[in-house]
Amino acid sequence: METSPGTGQNSQDAGESPRPPEPSRTSPETLSPDPKPPNLSPRSPLVLVVVAFVVALMLYFGYHQARRPGASAAPARLTQLSLAPDFSLESLDGKTMRLSDLRGKAVLLNFWATWCGPCKIEMPWFVELQTQYGSQGLQIVGVAMDDASKEDIGKFAKDMGVNYPILIGKESVGDQYGGVPALPESFLIGRDGKIVDKIIGLRGKAEIEDAVKKALNTHPASSQASAARPEIVPAPR
Amino acid sequence: MGTLRDTLSRHGQSGGATLLLYPMLVALASGIPALAQVPPPPPPVTVAAVPLTTAQRAQQTMVSLNFRVPRGYHINSNTPKSEFLIPTALKMDLPTDIILGKIEYPAGEEMTFPFSPDEKLSVYAGDFTVSVGVHPLHSVVPGKYVMRGVLRYQACDDAACYPPRTLPVSFEVKVVKEPATHHANPAQSPHVHN
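Computed from a predicted model, the values in this text were never measured in an experiment.

Basis of the calculations
- Residues numbered from 1 in each chain as written.
- Chains lettered and ligands numbered in written order.
- Predicted model: local features only at pLDDT ≥ 70, side-chain atom pairs only at ≥ 80, totals over all residues.
- Heavy atoms only, no water.
- Helix = DSSP H or I, 4+ residues; strand = E, 2+ residues; numbered from the N terminus.
- Buried < 20%, exposed > 50% of the residue type's maximum accessible area, 1.4 Å probe, protein only.
- Contact = heavy atoms within 4.5 Å.
- 1 Å grid on protein atoms, 1.4 Å probe; cavity = no way out; pocket = protein on both sides within 12 Å on 5 of 7 lines; lining within 4 Å.
- Points joined across faces, edges and corners; volume = space filled by probe spheres on them.
- Disulfide = S-S within 2.5 Å.
- Axes fitted to C-alpha atoms, helices over the stretch in contact; angles between N-to-C directions.
- Left-handed = near helix turned anticlockwise from the far one by under 90°.
- Pairing = 2+ DSSP bridges.
- Phe/Tyr/Trp six-rings, centres within 6.5 Å; stacked < 30°, edge-to-face > 60°.
- Core = buried A, V, L, I, M, F, W, Y, C linked by side-chain atoms within 4.5 Å.
- Arc of directions from axis to C-beta.
- Salt bridge = Lys/Arg side-chain N within 4 Å of Asp/Glu carboxyl O.

Teacher, can you tell me more about the overall build of chain A here?
Across its full length, chain A holds six helices and seven strands. The order of helices and strands in chain A, counted from the N terminus, is α-β-β-β-α-β-α-β-α-β-β-α-α. For chain A, the proportion of its 237 residues judged to be buried stands at 46%. Considering only contacts within chain A whose residues lie at least 6 apart along the sequence, 76% involve residues at least 24 apart.

Next up, the structure:
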């Protein structure tokens, strides 16, 4: 009677791995008892110890977060302060689209799939929002996280009357955005390229519209900030 | 912590005041605005243990596999109502000379969901049974055989859908000889045994 009840794939959540502190150049003399007020310069042992402690705490929590069942294997963890990870993907019309080329616009990046019922409900809302806010600088971008053929995805998008670009998704891009464990999942990206909101699962159109307005109300970053690298830290393994 | 305290005391710090730094720094480190929490993935569909089934050679025997979809989730039936939905399907890989017979899926339950109020979907929720026909050929040596396969499904809850998954399934079948056919009794030799 051996039936092996199976299980699905477990995955791990990503965590942030902080930058290690600079090597200490403290001489042994500075560790000796000193009646003077504490030295709080950047090279002070006290500061270094506190930084090391914080780093250790972050590693500890990151490790436990990563071991939590149900998270995906390597995805990055994003926060509202993160610069949206850049990527290039092929669109349905065969062109390559790069996310950073949209800098200066507010972007609604929607991960979806043809097999996802709730995604289908959102799509007409996105069509309306693109029509309504496109002139103000909104660009909706769909990323199909699908095994279906390009033709099938195209047919689906056509049936839904989609008026925004649909890109053929890759797992690596999903991982950049936290693994996209459930669909639909949308990221609202400000004109400065930073993530301002994230919507998981089906929500009301009003909530999506509010998030769109939040993204539209951002200002383009300076050229220096635009050149910044994404603030994404690889997940601890 | 001990090392930290030692270091602090060497610097003549008042431990209590300095230790206030820690929660502040921790709060600072974790104070980055978090985005919406990612929902945990759904618990997997499970399959109940299958009792040992006896299958006669040269005959099809049906084996029932009882699956359970976790509460709050549903999976598409074997015949979903849209070409884009992923049907639940069992794929078996049987030993040589044991032929896969019919796979019988239950009819889906027609349900509407908040994300599809106007459209009924054909789904499995809760418990459902799939029956598999196994047909050992004459050539199969009697004995126990393990049948293996996978159930592929794609789950959703009321607001989100999750990528397709596969659930390994296996069960044992005891293959027995077909009953001896009844032959016309030939004339017996009239030997007398003492």
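Would you mind going over the environment of A58 of chain B with me for this structure?
Residues and elements named next belong to chain B. Here A58 is to be found in the loop between β2 (53–56) and β3 (61–68). Considering only alpha carbons, one finds A58 and V134, 76 residues apart in sequence, at a separation of 9.9 Å. In this structure A58 touches H135, P136, L137 and H138, once residues within four positions along its chain are discounted.

Is there a simple way to explain empty space enclosed by the protein in this structure?
To find leftover empty space, a probe the size of one water molecule is rolled over the atoms. All names here are of chain A. By the definition in use, this model includes one cavity of 30 Å³ or more. Taken as a whole, the largest cavity spans an internal volume of roughly 70 Å³. A84, D86, L99, S100, L102, R103, K105, V107, I189, G190 and G193 together form the lining of the largest cavity.

How should I be thinking about the state of the cysteines in this particular structure?
Think of a disulfide as a covalent bridge from one cysteine sulfur atom to another cysteine sulfur atom. Applying the stated rule across the entire model yields two disulfides over all chains. Between C116 of chain A and C119 of chain A runs a disulfide, and the two sulfur atoms are separated by 2.2 Å. Measuring handedness by torsion sign, the sulfur bridge of C116 of chain A and C119 of chain A sits at about 85° and is right-handed. An identical accessibility class is assigned to C116 of chain A and C119 of chain A; each is buried. One disulfide in the model links C156 of chain B with C161 of chain B; its S-S distance is 2.1 Å.

Looking at this model, I keep getting lost on the packing of helix α2 (residues 117–133) of chain A against helix α5 (residues 205–216) of chain A. Mind explaining?
Two quantities define a packed helix pair, namely the angle between the axes and the distance from one axis to the other. Residues and elements named next belong to chain A. As a packed pair, α2 and α5 sit with axes 11 Å apart at the nearest point and diverge in direction by 35°. Two packed elements cross with a definite hand, and for α2 against α5 that hand is right-handed. From α2, E122, W125, F126, E128, L129, Q132 and Y133 reach across to α5, where they touch K205, I208, E209, V212, K213 and L216.

Mind showing me how you'd approach the sheet that holds β3 of chain B here?
Within a sheet, neighbouring strands are paired by backbone hydrogen bonds and run either parallel or antiparallel to one another. Residue and element names in this part refer to chain B. Taking strand neighbours across the sheet as the criterion, the four strands line up as β1-β3-β9-β6 in an open arrangement whose pairing is antiparallel. At either end of the open sheet lies a strand with only one pairing partner, and these are β1 (46–47) and β6 (98–104). As paired strands, β3 and strand β9 (residues 127–136) are joined by eight bridges and run antiparallel to one another. Within the sheet, the bridge partner assigned to R68 lies in β9 and is D127.

Just checking my understanding: could you explain the packing of aromatic side chains for this structure?
Given two aromatic rings, their pairing is described by the distance between the two centres and the angle made by the two planes. Enumeration over the complete set of coordinates arrives at ten aromatic pairs over all chains. Measuring from centroid to centroid gives 6.3 Å for F126 of chain A and Y164 of chain A, while their planes differ by 80°, and the two rings are edge-to-face. In this pair, F126 of chain A sits in helix α2 while Y164 of chain A sits in the loop between α3 (150–159) and β5 (166–168), placing the two residues 38 residues apart along the sequence. On the basis of relative accessible area, F126 of chain A is assigned to the buried category, the value being 1%. Using a relative accessible area of 5% as the deciding quantity, one classes Y164 of chain A as buried. Ring centres of Y73 of chain B and Y162 of chain B lie 6.1 Å apart, and the angle between their planes is 70°; on these two criteria the pair is classed as edge-to-face.

When you look at the nonpolar core in this model, what are you seeing that I'm missing?
Note on soluble globular proteins: their nonpolar side chains tend to be buried together. In terms of nonpolar packing, the biggest core is built from 53 residues, with L109, F111, L138, Y177, L183 and V212 of chain A touching the most fellow members. Every element with two or more residues in this core is listed here: β3 (106–112), α2, β4 (138–144), α3, β5, β6 (185–189), β7 (195–200) and α5 of chain A. Core analysis: the next-biggest nonpolar cluster, separate from the first, contains 32 residues, L94, Y124, V132 and V175 of chain B among them.

When you look at α3 of chain A in this model, what are you seeing that I'm missing?
Helical periodicity: at 3.6 residues per turn, an α-helix aligns residues three or four positions apart in one direction. Residues and elements named next belong to chain A. Among all positions in α3, only I153, F156 and A157 are buried. Taken end-on, α3 shows its buried residues confined to a sector of 95°, consistent with a single buried face. For α3, exposure combined with an orientation more than 90 degrees from the buried face picks out E151, K158 and D159. Looking at the buried residues of α3, the elements they touch are β3, α2, β4 and β5.

What's the story with unusual backbone geometry in this structure? I'm lost.
Glycine aside, negative phi is the norm for most residues, and most peptide bonds take the trans geometry. Residue P184 of chain A is bonded to the preceding L183 of chain A through a cis peptide linkage, with omega at 0°. Here P184 of chain A lies in the loop between α4 (171–176) and β6. Located in the positive-phi region is A58 of chain B, a residue other than glycine, with phi close to 65°. Accessibility expressed as a relative area gives 36% for A58 of chain B, which makes it partly exposed.

Would you mind showing me how to read the pattern of salt bridges here?
Side chains that differ in sign of charge can pair as their charged atoms come close. In this structure the tally under the stated criterion is twelve salt bridges over all chains. K150 of chain A is paired through a salt bridge with E90 of chain A; the nearest N and O atoms lie 2.7 Å apart. Here the residue K150 of chain A occupies a position in helix α3, and E90 of chain A occupies one in strand β1 (residues 88–90), the gap between them amounting to 60 residues. For E90 of chain A, a relative accessible area of 35% translates into the label partly exposed. For E110 of chain B, the salt bridge goes to K81 of chain B, with nearest N and O atoms at 2.7 Å. On the criterion of sequence distance, the pair formed by E110 of chain B in strand β7 (residues 109–113) and K81 of chain B in the loop between β4 (74–76) and β5 (89–93) is long-range, its members being 29 residues apart. A single network of salt bridges, built from pairs that share partners, joins K155 and D159 of chain A together with E83 of chain B.

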